[in-house]
Number of protein chains: 2
Amino acid sequence: MDKLILYRELIQRLLTARAKLRYGSDPIESQTIFDTTKDHYQLVHVGWKDSSTRIYGCVLHLDIKDGKIWVQHDGTEDA
Amino acid sequence: MDKLILYRELIQRLLTARAKLRYGSDPIESQTIFDTTKDHYQLVHVGWKDSSTRIYGCVLHLDIKDGKIWVQHDGTEDA
């Protein structure tokens, strides 16, 4: 399989799997944002906590650039 | 024109125009991330300032949900 196609598939699978971890009774939405044209891939948390506190944050942002995976932002170690 | 198609086009045009404002000698990259399948649209600033300070931030995040435009994050008033 072409390396680029493999990277695209692996990144999307990883972020989708991670987004699913959060679901359940949690009111915070885990959004996967995939721009397959420009090769930008994100996982973002969006929502309201206790109906009053706004939650917004990028958890992971990966790009594919020049055949390599770039970790543009890694918010997974903040917690 | 169908409202949804119009919204998609307007949002992408807006974010693309705004991304271009930043270019020039600025080393910070303005990325537009368009997920037209799930209707998530973002403008993100990514880069290094003075080769040592990491810059990462979502400037605008718009979604189309139930036929309406949702402003999920507006970082344009921070500056």
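For the structure itself, consult the block above.
Predicted, not measured: the structure shown is a model, and the values here were computed from it.

Cut-offs and rules
- Residues numbered from 1 in each chain as written.
- Chains lettered and ligands numbered in written order.
- Predicted model: local features only at pLDDT ≥ 70, side-chain atom pairs only at ≥ 80, totals over all residues.
- Heavy atoms only, no water.
- Helix = DSSP H or I, 4+ residues; strand = E, 2+ residues; numbered from the N terminus.
- Expected span 1.5 Å × (residues − 1).
- Buried < 20%, exposed > 50% of the residue type's maximum accessible area, 1.4 Å probe, protein only.
- Arc of directions from axis to C-beta.
- Contact = heavy atoms within 4.5 Å.
- Buried area = accessible area lost by both parts, 1.4 Å probe.
- Salt bridge = Lys/Arg side-chain N within 4 Å of Asp/Glu carboxyl O.
- Polar contact = N/O pair within 3.5 Å; in protein donor to acceptor, adjacent residues only side chain to side chain.
- Pairing = 2+ DSSP bridges.
- Axes fitted to C-alpha atoms, helices over the stretch in contact; angles between N-to-C directions.

1. Let's talk about helix 1 (residues 3–22) of chain B
Residues and elements named next belong to chain B.
Here comes step 1: In this model helix 1 runs 30 Å from its N-terminal to its C-terminal C-alpha over 20 residues, within 8% of the 28 Å that 1.5 Å per residue would give.
Here comes step 2: If you check which residues of helix 1 are buried, you get I11, L15 and A19. Projected down its long axis, helix 1 shows its buried positions confined to an angular sector of 65°, all on one face. Exposed side of helix 1, more than 90 degrees from the buried face: R13, K20 and L21 are the residues found there.

2. Brief notes about the interface of chain A and chain B
Here comes step 1: On the side of chain B, 20 residues touch chain A, which itself brings 19 residues to the contact.
Here comes step 2: Carbon and sulfur atoms supply 46% of the area buried between chain A and chain B, which totals about 1,500 Å² over both sides.
Here comes step 3: When the buried area of chain A at its contact with chain B is split by residue, I33, Y56 and Q72 of chain A rank highest and sum to 33% of it.
Here comes step 4: Where chain A meets chain B, there are two salt bridges.
Here comes step 5: Its salt-bridge partner being E29 of chain A, residue K65 of chain B comes within 3.7 Å of it at the nearest N-O pair.
Here comes step 6: Counting the contacts that link chain A with chain B gives 17 residue pairs in polar contact (both at pLDDT 80 or more).

3. Remarks on the pairing of strand 3 (residues 53–65) of chain B
Residues and elements named next belong to chain B.
Here comes step 1: For strand 2 (residues 40–49) and strand 3, the ladder comprises 10 bridges, and the chain directions are antiparallel. When the sheet's bridge partners are listed, Q42 is paired in strand 3 with H61.
Here comes step 2: Taking the residues that link successive antiparallel strands as the turn, the strand 2-strand 3 hairpin has three residues, and the phi of D50 there is positive, at about 55°.
Here comes step 3: Pairing analysis gives six bridges linking strand 3 to strand 4 (residues 68–74), with the strands arranged antiparallel. What sits directly across from L60, in strand 4, is D74.

4. Some details on the sheet that holds strand 4 of chain B
Residue and element names in this part refer to chain B.
Here comes step 1: Sheet architecture is open: four strands sit in the order 1-2-3-4, paired in antiparallel fashion. Each edge of the sheet is formed by a strand with only one pairing partner; in this case those strands are strand 1 (29–35) and strand 4. Direction aside, neighbouring strands of the sheet carry axes that sit 15° apart on average.
Here comes step 2: Taken together, the seven bridges between strand 1 and strand 2 define a ladder with antiparallel strand orientation. Residue I33 lies in a different strand from strand 2, and its bridge partner there is Q42.

As far as function goes, none of this settles anything; it's purely spatial.
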